[in-house]
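Topology and contacts: notes
Below, each chain spelled out in residue letters.
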Amino acid sequence: MAPTRAPVAATSPTRAISRRRGPAQRGRPWKTVDELELATLSWVHWHNHDRLHSYLGDVPPNVFRFTANSVQMGAGLGSYAFHDLGWRRAATIATPDLWQWGIYAGFLAEFCSLGGKIPDRYWLDSTDEEITAGLDRIPLNTGDGFLLSTKPADAATFLQRYVVDHPSLAQRVILGAWGTFPISIDPEVVKAAGDRMTGVVTASFVPLDASQEGWNSFVAEFDSAFPALAETAAATYHLFDID
């Protein structure tokens, strides 16, 4: 299969992701990266607003979401890059799985809506050895900075090389999260970049708890409105959405 724009993956991003079919994919490979991005955003909207769940009699999930999804977890990263860091052209390095697609799509939608451009996108969909070799070939002076939404080990590999030419990472790098775990505090990433990670902004899951008055009020109202779900919801507030 054809390589990506940089030789990071063994397959093209459109072919690689078209294998994972959902409502945004209608039985054919996407021909361009633009088609892929539009389809990803369409899928994210469907997942957040139209997908039906059996727990509430097949109603959309926005009725009973307790935690941020991957798009919401990265909310603000695009505007931070544009307004605070002054980025106008960004490069992205992402692992093509459900969670990283969401963080990537959220950043892309926000950054581009403000007028930013993402001319260089690198998808890590290959073996570990091929990914490591491909990361070593990504141009370091692409755009104003990088969004990394990858496995911590892959982020560490790239950052170890990147800090040599760009020691001020806070101006040049924004990090996603691996699951609900901020990449920035992963031991491999900290070891690779050290004190140069100071000030780097990252996506993160922010749990809500009983110390917050607004949260307690929400829980009480939810329990009153959906008493049959109260016990199930209590077990998932801080972990994941009910699916």
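Residues numbered from 1 in each chain as written. Predicted model: local features only at pLDDT ≥ 70, side-chain atom pairs only at ≥ 80, totals over all residues. Heavy atoms only, no water.

Attention shifts here to the packing of aromatic side chains. For the coordinates displayed, the defined rule picks out 7 aromatic pairs. With 5.0 Å between their ring centres and 45 degrees between their planes, Phe-222 and Phe-226 make a pair best called tilted. According to the relative accessible area criterion, Phe-222 is buried, its value standing at 5%. Here the guanidinium or amino end of Arg-88 rests over the ring plane of Phe-82, the centre of that ring lying 3.7 Å away. (Phe/Tyr/Trp six-rings, centres within 6.5 Å; stacked < 30°, edge-to-face > 60°. Buried < 20%, exposed > 50% of the residue type's maximum accessible area, 1.4 Å probe, protein only. Lys NZ or Arg CZ within 6 Å of the ring centre and 35° of its normal.)

All right, on to the sheet that holds strand 1 (residues 89–94) then. Across the sheet, which stays open at both edges, the 5 strands sit in the order 2-1-3-4-7 with parallel pairing between neighbours. Two strands close off the open sheet at either side, each with one partner strand: strand 2 (117–123) and strand 7 (201–202). One ladder, built from 5 bridges, connects strand 1 with strand 2; its direction is parallel. Bridge assignment links Thr-92 to a residue of strand 2, and that residue is Arg-121. (Pairing = 2+ DSSP bridges. Helix = DSSP H or I, 4+ residues; strand = E, 2+ residues; numbered from the N terminus.)

Below, the discussion takes up the pairing of strand 1. The buried fraction of strand 1 amounts to 5 of the 6 residues, a majority that puts the element mostly inside the structure. Note on the crossover from strand 1 through helix 5 (residues 98–113) to strand 2: the handedness is right-handed. Summarising the sheet, strand 1 and strand 3 (residues 145–149) pair through 5 bridges and their orientation is parallel. Bridge pairing in strand 3 places Ile-93 opposite Leu-148. (Right-handed = clockwise from strand over helix to strand, strands pointing away.)

Now for helix 5. The terminal C-alpha atoms of helix 5, which comprises 16 residues, lie 22 Å apart, in line with the 22 Å expected from a rise of 1.5 Å per residue. Of the residues making up helix 5, those classed as buried are Gln-100, Trp-101, Gly-102, Ile-103, Tyr-104, Ala-105, Gly-106, Phe-107, Leu-108 and Phe-111. Within two residues after helix 5, Gly-115 carries a phi angle of roughly 110 degrees, on the positive side. (Expected span 1.5 Å × (residues − 1).)

Let's shift gears to the environment of Leu-98. Tracing the backbone shows Leu-98 in helix 5. Put simply, Leu-98 and Val-44 are 54 residues apart on the chain and 9.6 Å apart in space, counted from C-alpha to C-alpha.

One pass over the full model with this rule turns up 2 salt bridges. Among the salt bridges present, the one from Arg-121 reaches Glu-37, with a minimum N-O distance of 2.2 Å. Here Arg-121 is found in strand 2, whereas its partner Glu-37 is found in helix 2 (residues 33–50), with 84 residues between them in sequence. With respect to burial, Arg-121 and Glu-37 carry one shared label: buried. (Salt bridge = Lys/Arg side-chain N within 4 Å of Asp/Glu carboxyl O.)

Within the secondary structure layout, Asp-154 lies in helix 7 (residues 152–165). Lys-151 provides the closest opposite charge to the buried, salt-bridge-free Asp-154, at an N-O distance of 4.3 Å. (Lys, Arg positive; Asp, Glu negative; His and termini not counted.)

These results come straight from atomic positions and should not be treated as a statement about function.
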